[in-house]
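Residues per chain are reported as follows:
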Amino acid sequence: MASTPGVSLEWVARSADEMRAAWRAFGADPNARVTFSGGVPADELSRRLSAATIGLAPNVNGTSTRRGTFVAFLGHGLPVVATSGPNPGDDLLAAEPCLFAPEGDAAAFVTALDQLTADPARQAAMGRTARAFYDRTLAWPHIAAAYAALLQ
């Protein structure tokens, strides 16, 4: 963020106070352009995700489709910079809606983010891939069909 003046970050989770405390515990710049949003209603969160450029998923134990926020990023067609882990899923890796950095390697995560931020064409292509992956594997019609097949 220090090297990219036009970039801002919105961190959305259960509690803005918890996020601020974590930000301080990380030793992050308290003057950085960060908005902490806690307990955002679903329709407002969807509006904010629709206006976002890139999703960040620095998950402990890696990112996978078991992570609700990550799935929301995909459903909103966001390219994602994420941490790799033990089981992201072969289908997710093959779809390539994300750039993965090894968990715990902050420099690699920032490098991936810098690369994606500097490449709007790649962002657009990954965003399309993210939405297509979501529609094909994670959207409710797909889930309902899978349950229906189990009940037959």
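Asker: How would you sum up helix α1 (residues 16–25)? Please name residues and give values.
Answerer: Turning to α1, its buried residues number three or more, namely Ala16, Met19 and Trp23. Taken down its axis, α1 places every buried residue within 60 degrees of arc, on the same side. Seen from the buried face of α1, the exposed residues on the opposite side, beyond 90 degrees, are Asp17, Arg24 and Ala25. Along its buried surface, α1 packs onto β1 (9–13) and β2 (34–38). Looking at where α1 begins, the residue whose side-chain oxygen comes 3.3 Å from the main-chain nitrogen of Asp17 is Ser15. After α1 finishes, the residue Gly27 shows a positive phi value of roughly 75 degrees.

Asker: If you had to explain unusual backbone geometry to someone new, which residues and values would you point to?
Answerer: Most peptide bonds take the trans configuration, and most residues that are not glycine carry a negative phi. Although it is not a glycine, Asn61 adopts a positive phi angle of roughly 70 degrees. Secondary-structure assignment places Asn61 in the loop between β3 (55–57) and α3 (68–75).

Asker: Any details on α3? Residues and values, ideally.
Answerer: Think of an α-helix as turning once every 3.6 residues; residues three or four places apart then point the same way. Those residues of α3 that sit buried are Phe70, Val71, Phe73, Leu74 and Gly75. Looking at the buried residues of α3, the elements they touch are α2 (42–51), β3, β4 (80–84), α4 (90–95), β5 (98–102) and α6 (120–137). Gly77 sits one or two residues past α3 and shows a positive phi near 70 degrees.

Asker: Give me the lowdown on the pattern of salt bridges, citing residues and values where you can.
Answerer: This model, assessed by the stated rule, comprises six salt bridges. Here Arg48 and Glu10 are joined by a salt bridge, their closest N and O atoms 2.4 Å apart. In this pair, Arg48 sits in helix α2 while Glu10 sits in strand β1, placing the two residues 38 residues apart along the sequence. Taking relative accessible area as the criterion, Arg48 reaches 25% and is therefore assigned partly exposed. Taking relative accessible area as the criterion, Glu10 reaches 35% and is therefore assigned partly exposed.

Conventions used here
- Residues numbered from 1 in each chain as written.
- Predicted model: local features only at pLDDT ≥ 70, side-chain atom pairs only at ≥ 80, totals over all residues.
- Heavy atoms only, no water.
- Buried < 20%, exposed > 50% of the residue type's maximum accessible area, 1.4 Å probe, protein only.
- Helix = DSSP H or I, 4+ residues; strand = E, 2+ residues; numbered from the N terminus.
- Arc of directions from axis to C-beta.
- Contact = heavy atoms within 4.5 Å.
- Polar contact = N/O pair within 3.5 Å; in protein donor to acceptor, adjacent residues only side chain to side chain.
- Salt bridge = Lys/Arg side-chain N within 4 Å of Asp/Glu carboxyl O.

It is worth stressing that arrangement in space is one thing and function is another; only the former is reported here.
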